[in-house]
Amino acid sequence: MLRLALTLFSLISTTLMGTGVVLVLTMGLDTLTPILGAAAAGFLIALPISWFVAKQIYENA
């Protein structure tokens, strides 16, 4: 299940990080700190989400 979670993490984290960066940029915050903060938040939020999704796929497969 760890391999599945890591594979999903690579997809989920890039999606959430990109969404966060676009959100920050559309709010007009175009300095380095908010952009890195949004990317870091997306990275951290993706950890439990990818584990949960992998668990659901693994149990229902």
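Residues numbered from 1 in each chain as written. Predicted model: local features only at pLDDT ≥ 70, side-chain atom pairs only at ≥ 80, totals over all residues. Heavy atoms only, no water.

By the naming in an unreviewed UniProt entry, the protein chain goes by CTP synthetase and is assigned to Donghicola mangrovi.

Peer 1: When you look at the UniProt feature "transmembrane region" (unreviewed entry) in the protein chain in this model, what are you seeing that I'm missing?
Peer 2: Sites flagged by UniProt as "transmembrane region" (unreviewed entry) map to residues 34–54. The span residues 34–54 shows a helical share of 100% and a strand share of 0%, and its end C-alpha atoms are spaced 30 Å apart. (UniProt positions renumbered as here; feature names shortened; annotations may be inferred. Helix = DSSP H or I, 4+ residues; strand = E, 2+ residues; numbered from the N terminus.)

Peer 1: What should I look at first to understand the nonpolar core in this one?
Peer 2: In a soluble, globular protein the nonpolar side chains are often hidden away together inside. Ala5, Leu8, Phe9, Ile12, Ala46 and Ala54 together form the largest nonpolar core, which totals 6 residues. Where this core is concerned, the elements lending two or more residues are helix H1 (2–26) and helix H2 (32–60). For this core, the element with the most residues is H1, which contributes 4 residues. When residues no more than four places from it in sequence are discounted, the contact partners of Ala5 are Ser50, Trp51 and Ala54. (Core = buried A, V, L, I, M, F, W, Y, C linked by side-chain atoms within 4.5 Å. Buried < 20%, exposed > 50% of the residue type's maximum accessible area, 1.4 Å probe, protein only. Contact = heavy atoms within 4.5 Å.)

Peer 1: In this structure, what is going on with the environment of Ser10? I would like to understand it.
Peer 2: Among the secondary structure elements, Ser10 is positioned in helix H1. Spatially, the C-alpha atoms of Ser10 and Ala46 are 8.9 Å apart, while their sequence positions differ by 36 residues. Reaching out from Ser10, the side chain makes a polar contact with the backbone oxygen of Thr7 at a distance of 2.7 Å. (Polar contact = N/O pair within 3.5 Å; in protein donor to acceptor, adjacent residues only side chain to side chain.)

Peer 1: Where do I start with H1 in this structure?
Peer 2: A turn of α-helix holds 3.6 residues, and therefore any two residues three or four places apart point the same way. Between its first and last C-alpha atoms H1 spans 35 Å; for 25 residues at 1.5 Å apiece the expected length is 36 Å, and the two agree. A maximum bend of about 25 degrees is found in H1 at Phe9. When H1 is considered as a whole, its buried residues turn out to be Ala5, Leu8, Phe9, Ile12, Ser13, Gly20 and Val24. Structurally, H1 contributes buried residues whose contacts are with H2. Immediately downstream of H1, the backbone of Gly28 shows phi near 90 degrees, a positive value. (Expected span 1.5 Å × (residues − 1). Bend = angle between axes of the 7 residues up to and from the residue.)

Peer 1: Quick question: what am I supposed to make of H2 here?
Peer 2: With 29 residues, H2 ought to run about 42 Å at 1.5 Å a step, and its terminal C-alpha atoms sit 42 Å apart, in line with that. Bending of H2 peaks at approximately 30 degrees at the position of Ala46, with proline Pro48 no more than four residues after it. The inward-facing, buried residues of H2 abut H1.

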